[in-house]
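Analysis of the macromolecular model
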Amino acid sequence: MMRIKLIAAAAAFLCMMPVMHAETEGERLFKNNRPADAAPLLEADIASGTASSDAYNYLGLAYYQTGQFVKSVAAFEKGLSVPGTNKKILAYNAGNAAFAAADYAKADSYYSLALAASPDFTPAVLNRANARLKQDKLSDAVDDYSLFLRIAPDDPQSARINQMIALIRAELDKRAADAVAAAEQEKKRQEEEAALKAEQDRLAAQKAAEETALKAAEEERRRKLLEDVANSLQDTSTENMTSGTEDTINYDSEPELD
């Protein structure tokens with residue numbers, strides 16, 4: 001009777017335990033450092049629905065280790081939509097694969113997703129800082145490097161990170177100074193351009209006034225010339241006047257009648 005009770009208790013205990021997933025050939029190959037051989041088998045396990053929750057991570061890592069970074073990101077992304085997977089690790093690894101593919105904006109996004117799950121996940125903080133540096137988001141990079149140092153002040157990389165922060169801040173100061181100088185140069189250029197345009201406008205107005213004056217003088221000269229010509233054609237001197245008797249008969253002798 002006691003034996004029956006023990007068997008029943010053991011059966012009940014086993015029913016309460018989570019179902020253990022048998023290791024697939026793809027998982028075994030991956031764990032034995034054969035990522036190229038493991039990848040197609042892991043793909044098949046996932047497609048058939050027999051894969052474990054870790055299979056997505058294994059597949060992504062297998063593609064990452066064989067330099068297929070775009071496929072690696074896709075595998076991690078697929079795992080993020082599956083219940084029961086480790087979302088923080090999948091997001092972090094997706095960020096690493098995107099970084100390796102030089103898609104720094106996507107890497108930034110996935111590191112941020114991992115940090116949403118665990119804000120003190122220092123590897124994601126540091127890698128996001130690097131991704132932001134690659135995007136030339138210098139102020140954001142400094143914020144992340146500083147956050148990393150606050151979370152892990154004794155990290156072996158602290159000295160290098162402090163050096164990086166100093167270099168970035170120096171670059172930001174230089175860019176700010178360059179921006180001020182550029183603004184002053186642009187202001188000077190605009191002032192010079194405005195002065196040049198004003199002088200051009202003045203010269204154009206002066207030329208127009210001179211041309212108008214010349215035109216008026218020419219018109220006056222022509223008017224006077226025409227007037228002089230008209231006056232010369234009309235002779236009004238008294239010497240040329242006639243009484244109208246030039247052709248009359250002279251009656252010096254008495255007229256004779258027939």
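Just above sits the structure.
Every chain begins its residue count from 1, and numbering advances along the sequence as written. Residues qualify for local features only when their pLDDT is at least 70, as the model is predicted, and side-chain atom pairs are given and counted only at 80 or more; totals for whole chains, interfaces and linings, by contrast, use all residues. As a convention, hydrogens and water are excluded, and side-chain values are obtained from all of the structure's heavy atoms.

So, on to the overall build of the protein chain. Segments assigned H or I by DSSP are reported as helices when at least four residues long, segments assigned E as strands when at least two residues long, and all are numbered from the N terminus. Counting its secondary structure elements, the protein chain contains 10 helices and zero strands. The helix and strand sequence of the protein chain, counted from the amino end, reads α-α-α-α-α-α-α-α-α-α. Looking at the protein chain as a whole, 26% of its 258 residues qualify as buried. In this description, contact between two residues means that some pair of their heavy atoms is separated by no more than 4.5 Å. Of the contacts made within the protein chain by residues no fewer than 6 positions apart, 43% connect residues no fewer than 24 positions apart. Accessibility throughout is a Shrake-Rupley quantity obtained with a 1.4 Å probe, and a residue counts as covered only by protein chains that appear here. When the accessible surface of the protein chain is summed, it comes to about 18200 Å², and 56% of that surface belongs to carbon and sulfur atoms. Exposure classes here rest on a 1.4 Å probe applied to the protein chains alone. A residue is buried below 20% of its type maximum, exposed above 50%, and partly exposed in between.

Moving on to helix α6 (residues 87-100). One fewer than the residue count of a helix, multiplied by 1.5 Å, yields its expected span. Here α6 is 14 residues long and its end C-alpha atoms lie 20 Å apart, about the 20 Å a rise of 1.5 Å per residue gives. Turning to α6, its buried residues are Leu90, Ala91, Tyr92, Asn93, Ala94, Gly95, Asn96, Ala97 and Ala98. Where α6 is buried, its residues touch α4 (55-65), α5 (69-80), α7 (104-117) and α8 (122-134). One or two positions beyond α6, positive phi appears at Ala102, with a value near 65 degrees.

Turning our eyes to something else, we now look at the packing of α4 against α6. Packed helix pairs are specified by the crossing angle of their axes together with the interaxial distance, meaning the distance between the axes. Between α4 and α6, whose axes approach to 11 Å, the crossing angle comes to 15 degrees. In terms of orientation, α4 and α6 fall into the roughly parallel class. By crossing handedness, the relation of α4 to α6 is classed as left-handed. Within the contact between the two elements, α4 uses Tyr56, Asn57, Leu61 and Tyr64 and α6 uses Ile89, Leu90, Asn93, Asn96, Ala97 and Ala100. When residues are sorted by character, Ala, Val, Leu, Ile, Met, Phe, Trp, Tyr, Cys and Pro go into the nonpolar class, Asp, Glu, Lys and Arg into the charged class, and all the rest, Gly among them, into the polar class. Classifying every residue of the contact of α4 with α6 by side-chain character gives seven nonpolar, three polar and no charged. Fitted lines through C-alpha atoms serve as axes, helices being fitted only where they are in contact, and the angles separating the N-to-C directions of these axes extend from 0 to 180 degrees. Each angle gets one of four labels, with under 35 degrees taken as roughly parallel, over 145 as roughly antiparallel, 65 to 115 as roughly perpendicular, and the rest as oblique. The handedness criterion is simple: a crossing whose near helix is rotated anticlockwise from the far helix by less than a right angle is left-handed, and one whose near helix is rotated clockwise is right-handed.

Over its 14 residues, α7 runs 20 Å from end to end, which matches the ideal 20 Å to within 8%, given 1.5 Å per residue. Within α7 the residues assigned to the buried category are Ala107, Asp108, Tyr110, Tyr111, Ala114 and Leu115. Where α7 is buried, its residues touch α5, α6 and α8.

On to the packing of aromatic side chains. For any pair of aromatic rings, the description rests on two quantities: the centre-to-centre distance and the angle between the ring planes. Between the rings of Phe, Tyr and Trp (Trp by its six-membered ring), a pair exists once the centres lie within 6.5 Å; its type follows the angle of the planes, with under 30 degrees stacked, over 60 edge-to-face, and the other angles tilted. By the definition in use, this model includes five aromatic pairs. Connected via pairs of aromatic rings, a cluster forms that spans Tyr92, Tyr111 and Phe121. Sitting above the plane of the Phe121 ring, Lys88 keeps its charged end 4.5 Å from the centroid. A ring is considered to have a charge above it if a Lys NZ or an Arg CZ atom is located within 6 Å of its centre and within 35 degrees of its normal.

Take it as geometry only, folks, not as evidence of what the structure does.
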